[in-house]
Amino acid sequence: MKAVVVGSGGWGTALSIVLCDNGHDVTLWSHNPAKAAEMERTRENPLLKGVHLPDALHITGDLECLRGADLVVSAAPSFAVRETGRKIAPYLTEKTVLVSVSKGIERDTNLRLSQVLRQETRNICQVVALSGPSHAEEVGIRMPTGCVSACADRDAARFVQDAFMNQYFRIYTSYDIIGVELAAALKNVVALACGVITGLGYQDNTKALLMTRAMAEITRLGEKLGGTRLTFGGLAGMGDLIVTCTSMHSRNNRAGILIGQGKTVQKAMEEVGAVVEGYYAAESIHQLSAREGVEMPISQSVYEVLYQGKAVRDVVSELMGRAKKDELLERCWL
């Protein structure tokens, strides 16, 4: 089939490699024509150093490559998804399957990214979310990885499964696109928090406590917004949370470490040198939890550190002392 990946970041490039390995006719589109030309010449993306791009992969900065595509992958950063959807909309048809692989929640609207794409493309085609514990650096060198293809339309989810699945990239399907997308966005905030406690010098006990209790509050919000509990305990939920909170491939984790070590939020993000999605998601979670009346103490604490300048050690002390012993017995379950 003809496939186009829109967005030449590390993740979009890694998925282009997967699709090429599966024998599809694949084009990788970059918003920067100069970058596209350089990647075409060197057969390498600087964001995936040392990974040779397949000779069969077409690379371009011309959106005309979208004409006649059976599969289109939207791999833009969350803040650019709406603009990307607007650009690609004229080239899509009712037969196209559009795959959202970005992780985040749109600022101000608090929409999931598949919802943003649906708005901008006027629901002309099926939109499927592809998500899971998947660092581009590892997929690019073909390490065994698993993801979830999620859509209320089972045939569309399976179409994406068939397009991507191979010996090193295993795809499961789910109807719960709400839960899958929310899990992908919310875990970035927890990864920031995990990085902060690492930067403060706390170790494994603290990380396990943080990750488990954070998943409890993510699940509460996710269910309130229409997701299912099983999703948050699975590959797209707990699986993605674990990998993002524990790996130095994670930009959110690295930014959190710098903040825990005493760097300002702005300085930390500058040093990471790429989009830290958890920074934006923290504001969205703050707004969503307030709107839905869902208690999320860990996410709220991250928001206070990032946006209100609260000292991280004060936040840890408050979290550890926030409930009396008899209250904890009532709060032990999700």
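Criteria and thresholds
Here the residue index of a chain counts from 1 through its sequence in written order. The predicted origin of the model limits local features to residues at a pLDDT of at least 70 and limits the giving and counting of side-chain atom pairs to 80 or more, whereas totals for whole chains, interfaces and linings rest on all residues. By convention in this description, side-chain values take in all heavy atoms of the structure and omit both hydrogens and water. Only runs of H or I of at least four residues qualify as helices and only runs of E of at least two qualify as strands under DSSP, and these elements are numbered from the N terminus. Atoms counted for the radius of gyration: C-alpha only. Globule rule: 2.2 Å times residue count to the power 0.38. Any two residues having at least one pair of non-hydrogen atoms within 4.5 Å are treated as being in contact. Note that accessible areas follow from Shrake-Rupley with a 1.4 Å probe, and for residues the cover is restricted to the protein chains shown. Working definition: rings of Phe, Tyr and Trp (its six-membered ring) pair if their centres are within 6.5 Å, and the pair is stacked with planes under 30 degrees apart, edge-to-face with planes over 60 apart, and tilted otherwise. Only protein chains enter the accessibility calculation, which uses a 1.4 Å probe; a residue whose area is less than 20% of its type maximum is buried, one above 50% is exposed, and one in between is partly exposed. Criterion used throughout: strands pair if DSSP finds at least two bridges between them. Handedness of a crossover is defined as follows: with both strands directed away from the viewer, a clockwise route from the first strand across the helix to the second makes it right-handed. A fitted line through C-alpha atoms serves as each axis, taken over the contacting stretch for helices, and the angle formed by two N-to-C directions is quoted from 0 to 180°. Any pair of cysteine sulfurs within 2.5 Å is marked as a disulfide. Here, a salt bridge means any Lys or Arg side-chain nitrogen found within 4 Å of an Asp or Glu carboxyl oxygen.

Asker: Any chance you could explain the overall build of the chain here in plain terms?
Answerer: Of regular secondary structure, the chain possesses 16 helices and 8 strands. In terms of overall dimensions, the chain is globule-like: its C-alpha atoms have a radius of gyration of 20 Å, near the 20 Å expected for 334 residues. Taken along the three principal axes of its C-alpha coordinates, the chain extends 60 × 40 × 35 Å. Restricting to contacts in the chain with at least 6 residues of sequence separation, those with at least 24 account for 71%. Total accessible area on the chain is roughly 15,000 Å²; 52% of this is exposed by carbon and sulfur atoms.

Asker: Teacher, can you tell me more about the packing of aromatic side chains here?
Answerer: Given two aromatic rings, their pairing is described by the distance between the two centres and the angle made by the two planes. Summed over all chains, the structure comprises 4 aromatic pairs. For the pair Y279 and Y307, a centre-to-centre distance of 4.7 Å together with 20° between the ring planes defines the contact as stacked. In this pair, Y279 sits in helix α13 (residues 277-292) while Y307 sits in helix α14 (residues 297-308), placing the two residues 28 residues apart along the sequence. For Y279, a relative accessible area of 17% puts it in the buried group. These aromatic residues form a ring-pair network of at least three members: Y279, Y280, Y303 and Y307.

Asker: What is the right way to look at the pairing of strand β6 (residues 126-131) in this model?
Answerer: Put simply, side chains in a regular strand alternate between the two faces of the sheet. Burial analysis of β6 places 5 of its 6 residues in the buried class, the great majority of the element. Judged from the 4 bridges that link them, strand β5 (residues 97-100) and β6 form a sheet pairing that is parallel. The residue bridging S100 from the neighbouring strand is A129, located in β6. Each parallel crossover has a hand, and for β5 linked through helix α4 (residues 113-121) to β6 it is right-handed. As defined by bridge partners, β6 adjoins strand β7 (residues 145-150) across 3 bridges and the pair is classed as antiparallel. Counted as the bridge partner of L130 is S149 from β7.

Asker: Would you mind showing me how to read the sheet that holds β5 here?
Answerer: Whenever strands of a sheet pair, they do so through backbone hydrogen bonds, lying parallel or antiparallel. Here 8 strands make up an open sheet; going across it, the order is β3-β2-β1-β4-β5-β6-β7-β8 and the pairing mixed. Either end of the sheet is taken by a strand with one partner, and the two such strands are β3 (58-60) and β8 (169-174). If you compare each strand with its neighbour and ignore which way they point, the axes differ by 25° on average. As paired strands, strand β2 (residues 25-29) and β3 are joined by 3 bridges and run parallel to one another. Bridged to T27 within β3 is H58. Along the sheet, α4 contacts β4 (71-74), β5 and β6; its crossing angle with β5, the most-contacted strand, is approximately 140°.

Asker: What is the right way to look at the state of the cysteines in this model?
Answerer: Among covalent bonds in proteins, the disulfide is the one between the sulfur atoms of two cysteines. This model, assessed by the stated rule, comprises 0 disulfides. Between C20, a cysteine without a disulfide, and C65, which holds the nearest cysteine sulfur, the sulfur-to-sulfur distance is 13 Å. The class for C20 is buried, based on a relative accessible area of 12%. Between C125, a cysteine without a disulfide, and C151, which holds the nearest cysteine sulfur, the sulfur-to-sulfur distance is 10 Å.

Asker: Please clarify how the pattern of salt bridges should be interpreted in this entry.
Answerer: Side chains bearing opposite charge may pair, as long as their charged atoms lie close to each other. Within this structure, the stated rule accounts for 17 salt bridges. Ionic pairing is found between E271 and K263, a salt bridge with its closest N-O pair at 2.7 Å. On the basis of relative accessible area, E271 is assigned to the partly exposed category, the value being 40%. It is possible to trace a salt-bridge network through shared partners that takes in R82, R86, E106 and E120.

Asker: Explain the pairing of β8 to me, please; I cannot follow it from the model alone.
Answerer: Taken together, the 6 bridges between β7 and β8 define a ladder with parallel strand orientation. The residue bridging A150 from the neighbouring strand is S174, located in β8. A crossover links β7 with its parallel partner β8, the connecting element being helix α6 (residues 154-164), and its sense is right-handed.

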